[in-house]
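Architecture and fold: a report
Below are the chains, spelled out letter by letter.
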Amino acid sequence: MADAKVIPFDDDRSRAGAPRSSRRRPGAGGRRKGDPVAPVSPLPGQQSAEPALQDASQPATGAQGPAVGSGWEKRLAGGLAFLRRRVTGDYEVDEFGYDKELTDQVLMSLLRPLYDTYFRVEVKGIENIPSKGGALVVANHSGTLPLDGLMMQVAVHDNHPAGRHLRLLAADLVFMLPVVNELARKAGHTLACAEDAERLLTRGEVVGVMPEGFKGIGKPFSERYKLQRFGRGGFVSTALRAGVPIVPCSIVGAEEIYPMLGNAKTLARLLGVPYFPLTPTFPWLGPLGAVPLPTKWTIQFGEPIPTDGYPPEAAEDPMLMFNLTDQVREQIQHTLYKLLVQRRSVFF
């Protein structure tokens, strides 16, 4: 693994000292997929409780018809069962630390009010993401804070007819922050490097990448909706190696949530962050200034660009990578302009 050639997705991302994929130690809670589950044997002289449990799980019938529990009772029972599994470690995580149950039942539920009510996200072209097999979703990046990636993840999770889940590739900084690191792993995020991305794609996952990196989310408000450079095309090489389609994605609305009017570079260097934004409300209003503006969002997934028709050596062709990178970038930029023309207002 140490000899593997890693192609960076963005020039701003350095993996020196970057943490690797989470590996859960035995006994640390949560069993891996494929681990055997030991059967519970009855004590001598006792009958197995399994048939009784099966019978109890069936709805009771009688003269009044089947007994149906109220909604809150079902939710309470489901919540208690969820807590029991978390306490006993009876849940699964993959090799990257992705916890599907926690993501579906908790993390998505926490993001959904922001998605549905606050930003009122409208999704278009979700059918362009394949129903099965790997796919690489490439999107623009903006907004000072990376909320656009999270909203894109909810969009795929809640709207795709096949129930696909988006595995985002995140910058090194995400995995250096306490709490954020663990939550990102649980939500299915992993390090933005070609090695991890290719492993996910060949497994049939939908992977999301934002090649602009910090150049995109940290650009001034005067350059809104103008795509920055897409690195050196590492994401195209990864898609070619895995033979998966590239799905361009355009996000409108994120640029205005934190209008970045300036950048305190000296303070950013002292804090060890790529930039320190100065907005009309932050840092002047303190924590209140960190509340994003309630803009209206549109996320559109474009027509997929196939890569399975190229020979294996195409992944090493710099001219082909440049052409495909430029094609993806131009498609995203054109869709951004089209959505901006159609938009009635920033907030409506």
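Summarised in this report is the structure supplied together with it. Per chain, residue numbering runs from 1 following the sequence as it is written. Local features in a predicted model are, by the rule used here, given only for residues with pLDDT of at least 70; side-chain atom pairs are given and counted only at 80 or more, and totals for whole chains, interfaces and linings are based on all residues. By convention in this description, side-chain values take in all heavy atoms of the structure and omit both hydrogens and water.

**Here's the deal with the pairing of strand 5 (residues 206-209)**
Test applied: Relative accessibility under 20% of the residue-type maximum defines a buried residue, over 50% an exposed one, and the middle range a partly exposed one, all with a 1.4 Å probe and only protein chains included. Secondary structure follows DSSP: runs of H or I at least 4 residues long count as helices, runs of E at least 2 residues long count as strands, and numbering of each begins at the N terminus. The criterion for strand pairing is that DSSP finds at least two bridges linking the strands in question.
Every second residue of strand 5 is oriented toward a common face, with Val206 and Gly208 on one face and Val207 and Val209 on the other, all of them buried. Sheet analysis places strand 2 (residues 135-139) next to strand 5, joined by four bridges and oriented parallel. When the bridges of strand 5 are listed, Leu136 appears paired with Val207.

**Topic: a nonpolar patch on the surface**
Where we set the bar: Patches in this entry comprise residues that are over 30% relatively accessible and not in a salt bridge; like charges within 9 Å are linked, as are nonpolar side chains (Val, Leu, Ile, Met, Phe, Trp, Tyr) within 5 Å. Residue exposure ignores everything except the shown protein chains as possible cover, and the areas themselves are Shrake-Rupley values with a 1.4 Å probe. Here, a salt bridge means any side-chain nitrogen of Lys or Arg that lies within 4 Å of a carboxyl oxygen of Asp or Glu.
There is a patch of nonpolar side chains on the surface, built from Trp72, Leu76, Leu80 and Leu83 and spanning about 450 Å² of accessible area. Its location among the elements puts Leu80 in helix 2 (residues 71-88). Of the residues examined, Leu80 reaches a relative accessible area of 52% and is grouped as exposed.

**Digging into unusual backbone geometry**
Pro283 follows Phe282 through a cis peptide bond whose omega is 5°. You can see Pro283 is positioned in the loop between strand 8 (277-278) and strand 9 (298-301). Phi is positive for Arg120, which is not a glycine, with a value near 50°. Here Arg120 is to be found in the loop between helix 3 (100-118) and strand 1 (122-124). For Arg120, a relative accessible area of 26% translates into the label partly exposed. Positive phi outside glycine occurs at Tyr225, with the angle close to 60°. Positionally, Tyr225 belongs in the loop between helix 7 (214-217) and helix 8 (234-242).

**Observations concerning the packing of helix 2 against helix 3**
Heads up, the rule is: Here the axes come from fitting lines to C-alpha atoms, over the contacting stretch only for helices, and the angles between their N-to-C directions go from 0 to 180 degrees. Small angles under 35 degrees read as roughly parallel and large ones over 145 as roughly antiparallel, with 65 to 115 read as roughly perpendicular and the rest as oblique. A clockwise turn of the near helix away from the far one marks a right-handed crossing, whereas an anticlockwise turn of less than a right angle marks a left-handed crossing. Throughout, a contact is declared for two residues whenever any of their heavy atoms are within 4.5 Å.
It is at 12 Å that the axes of helix 2 and helix 3 come closest, and there the two elements cross at 140°. By the angle between their axes, helix 2 is oblique relative to helix 3. Pair helix 2 / helix 3 crosses with left-handed handedness. Between helix 2 and helix 3, the contacting residues are Phe82, Arg85 and Arg86 on the first element and Glu101, Leu102, Gln105 and Val106 on the second.

**Topic: the sheet that holds strand 3 (residues 166-170)**
Spatially, the seven strands line up as an open sheet ordered 1-9-6-2-5-3-4, and their pairing is mixed. Edge positions in the open sheet fall to strand 1 and strand 4 (190-191), since each of these has one partner strand only. Two strands pair when backbone bridges link them, and strand 3 and strand 4 are joined in this way by two bridges, in the parallel orientation. Looking across to strand 4, one finds that Ala170 is bridged to Leu191. Along the sheet, helix 8 makes contact with strand 2, strand 5 and strand 6 (246-252), crossing strand 2 at roughly 165°.

**Here's the deal with the side chain of Asp148**
Using the following cut-off: Think of it this way: Lys and Arg go in the positive column, Asp and Glu in the negative one, and His and the chain ends go nowhere.
Along the polypeptide, Asp148 turns up in helix 4 (residues 147-159). Although buried, Asp148 forms no salt bridge, and the nearest oppositely charged side chain, Lys219, lies 7.8 Å from it. Residues in contact with Asp148, not counting those within four places in the same chain, are Asn140, His141, Ser142, Met210, Ile251, Ala254 and Trp297.

**Section: the nonpolar core**
Test applied: Joining through side-chain atoms within 4.5 Å is the link that ties buried Ala, Val, Leu, Ile, Met, Phe, Trp, Tyr and Cys residues into a set, and such a set is a nonpolar core.
If you look at the biggest cluster of nonpolar residues, it comprises 30 residues, and the most contacted ones within it are Leu136, Val138, Phe235 and Val328. Going through the elements one at a time, strand 2, helix 6 (194-202), strand 5, helix 8, strand 6 and helix 10 (318-342) are the ones with two or more residues in this core. Among the elements that line this core, the one with the most residues is helix 10, at seven residues. If we skip the residues at most four places from it in the chain, Val138 touches Val209, Pro211, Phe230, Phe235, Ile246, Val247, Pro248, Cys249, Val328 and Ile332. Counting 28 residues, the second-largest nonpolar core is a separate cluster that includes Met108, Phe119, Val154 and Cys249.

Nothing here speaks to function; it is all geometry.
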